[in-house]
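# Structural characterization, general
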Amino acid sequence: MYIPRRTRRQQDMYAQLFAETVKETQCLGPGCVYAARLGSKYCSDECGVKLASLRLKTFFPEREKEWNATPCVATQSDEQKLQKLAINQEQLQSELSLLDERKNELEQIIDRARRVSVIEEPEITDADTEGDLDLQVYCITCGHAVGFKKALIHMERCYAKVESLITFGSSFKTRCEGESIFCEYFSRKQKTYCKRLRVLCPEHQKEPKVGPDEACGCPLSDNMIAKSDDMDMCHLPKRSCPNHTGWERLRRAQIDLQRLQLVGRMQCQMLVLEVSY
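In what follows, the accompanying structure is described. Being a predicted model, the structure only gives us computed values, none of them experimental.

Helix and strand content of the chain: six helices and five strands. Counting from the amino terminus, the chain carries its helices and strands in the arrangement α-α-α-α-β-β-α-β-β-β-α. A buried classification covers 21% of the 277 residues belonging to the chain. Within the chain, residue pairs in contact and separated by at least 24 positions form 49% of the contacts whose partners lie at least 6 positions apart.

Counting residues in hydrophobic clusters, the biggest one holds 18 residues, and the most contacted among them are C216 and W247. Those elements that provide at least two residues to this core are α3 (73-113) and α6 (247-276). The dominant element in this core, judged by the number of residues it contributes, is α3, at seven residues. Beyond its immediate chain neighbours, meaning those up to four positions away, W247 contacts L106, I109, I110, A113, C216, G217, C218 and P219. With five residues, the next largest nonpolar core counts C27, Y42, C47 and L51 among its residues.

Across the sheet, which stays open at both edges, the three strands sit in the order β3-β5-β4 with antiparallel pairing between neighbours. A single partner strand is all that each edge strand has here, and the edge strands are β3 (169-170) and β4 (186-187).

Take the pattern of salt bridges next. Inspection of every chain in the model, using the stated rule, returns nine salt bridges. Two residues, R37 and D45, come together in a salt bridge whose shortest N-O distance is 3.1 Å. Note on D45: relative accessible area 57%, which makes it exposed. Put simply, K238 and E214 hold a salt bridge, and the shortest N to O gap is 3.6 Å. Residue K238 is found in the loop between β5 (192-194) and α6, and its partner E214 is found in the loop between β5 and α6; the two are separated by 24 residues along the sequence. The exposure class of K238 is partly exposed, given its relative accessible area of 25%. Residue classification places E214 among the partly exposed positions, given a relative accessible area of 27%.

Okay, the state of the cysteines next. All chains considered together, the criterion is met by zero disulfides. Residue C194 stays outside any disulfide, its sulfur separated by 4.0 Å from that of C201, the closest cysteine. Looking at C194, the relative accessible area reads 6%, which means it is buried. Free cysteine C241: the closest other cysteine sulfur is in C216, separated by 3.8 Å.

Right, let's talk about the environment of S221 for a bit. Inspection of the secondary structure assignment puts S221 in the loop between β5 and α6. By relative accessible area, S221 is classed as buried at 18%. Along the primary structure S221 and D232 are separated by 11 residues, whereas in three dimensions their C-alpha atoms are 6.4 Å apart.

On to α3, then. With 41 residues, α3 extends 60 Å from end C-alpha to end C-alpha; this agrees with the ideal 60 Å at 1.5 Å per step. Turning to α3, its buried residues are L85, Q89, L92, L96, L99, L106, I109, I110, R112 and A113.

Evaluation of the coordinates by the stated rule reveals one aromatic pair. Measuring from ring centre to ring centre gives 4.9 Å for F186 and Y193, while their planes differ by 50 degrees; the resulting arrangement is tilted. Above the plane of the ring of F182 lies K195, whose end atom (NZ or CZ) is 5.6 Å from the centre.

Moving on, we get to unusual backbone geometry. Phi is positive for E184, close to 65 degrees, though the residue is something other than glycine. Note on E184: relative accessible area 11%, which makes it buried. Positive phi is not limited to glycine here, since K191 has a value of about 60 degrees. Tracing the chain through its elements places K191 in the loop between β4 and β5. Assessed through its relative accessible area of 59%, K191 is described here as exposed.

The rules behind the values
Every residue gets a number counted from 1 within its own chain, in the order that chain's sequence is written. Totals for whole chains, interfaces and linings use every residue, but because this is a predicted model, local features are given only for residues with pLDDT of at least 70 and side-chain atom pairs only at 80 or more, for both listing and counting. The basis for the side-chain values is all heavy atoms of the structure; hydrogens and waters are excluded. Segments assigned H or I by DSSP are reported as helices when at least four residues long, segments assigned E as strands when at least two residues long, and all are numbered from the N terminus. When accessible area is computed with a 1.4 Å probe and restricted to protein chains, residues below 20% of their type maximum are described as buried, those above 50% as exposed, and intermediate ones as partly exposed. Pairs of residues are marked as contacts when any of their non-hydrogen atoms sit within 4.5 Å. Among buried residues, the Ala, Val, Leu, Ile, Met, Phe, Trp, Tyr and Cys ones that are joined through side-chain atoms within 4.5 Å form a nonpolar core. Following DSSP output, two strands are said to pair if at least two bridges run between them. Salt bridges are identified by distance alone: a Lys or Arg side-chain nitrogen within 4 Å of an Asp or Glu carboxyl oxygen. Any pair of cysteine sulfurs within 2.5 Å is marked as a disulfide. What a helix should span is 1.5 Å times the count of its residues minus one. Between rings of Phe, Tyr and Trp, where Trp is taken as its six-membered ring, a pair exists when centres lie within 6.5 Å; planes separated by under 30 degrees are stacked, by over 60 edge-to-face, and by other angles tilted. A ring is considered to have a charge above it if a Lys NZ or an Arg CZ atom is located within 6 Å of its centre and within 35 degrees of its normal.

Quick look at the structure:
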């Protein structure tokens, strides 16, 4: 391909245009006497930083006063939200402390229940059981007909069998202060941690065996801490008590569920704060 050479006139014209475009300019830095770099207003980065800092010191205080003179609606709304969240956090903390107190009271009641003496049931005659033969209910899990007096025990055992077949696991262990309310049993086969409540896990937390001389001990009134008399507790044998099956486990689970709900609400509020800021 043939490229024609430039003439002397064309070369002079291009040289003049180049000289005009690359004409040296004075650096805008404060007190600088050097020429600016090509394509820049400053001879170095230090001169640019000095000029920017001088402008901030000169104009920023006045602009800041003008900006503070007019309140920002978004800032006020965010401050109100933060105050509400702080109040909610304090309320949740107080509720958690109340749950701790309730748990300690429950453990005291359970400790007292272990020392309750057993009072045997009166002998049941055939005349007393004639009306109970027809009282049967159907199990909500397996659907079989069960006697009325043994219904709670059967339903609880049947539910535990079905619950042990379902897996509630996570790949991560729960990190919390103190003892975790979850089971946290690690399955090597599935490589997961069990996330059932510790007191309700039928697969990994086995209930202790009940002796023949152990009483039920379920409190029959609400305020058992203030009372020193054990007559307000169930004195029937724990094995045959049809009304209070697993009452210790259920009451512990109730407190743990409430604690789990409060912790979840606190985490949601913390996520709202992180998203807002």
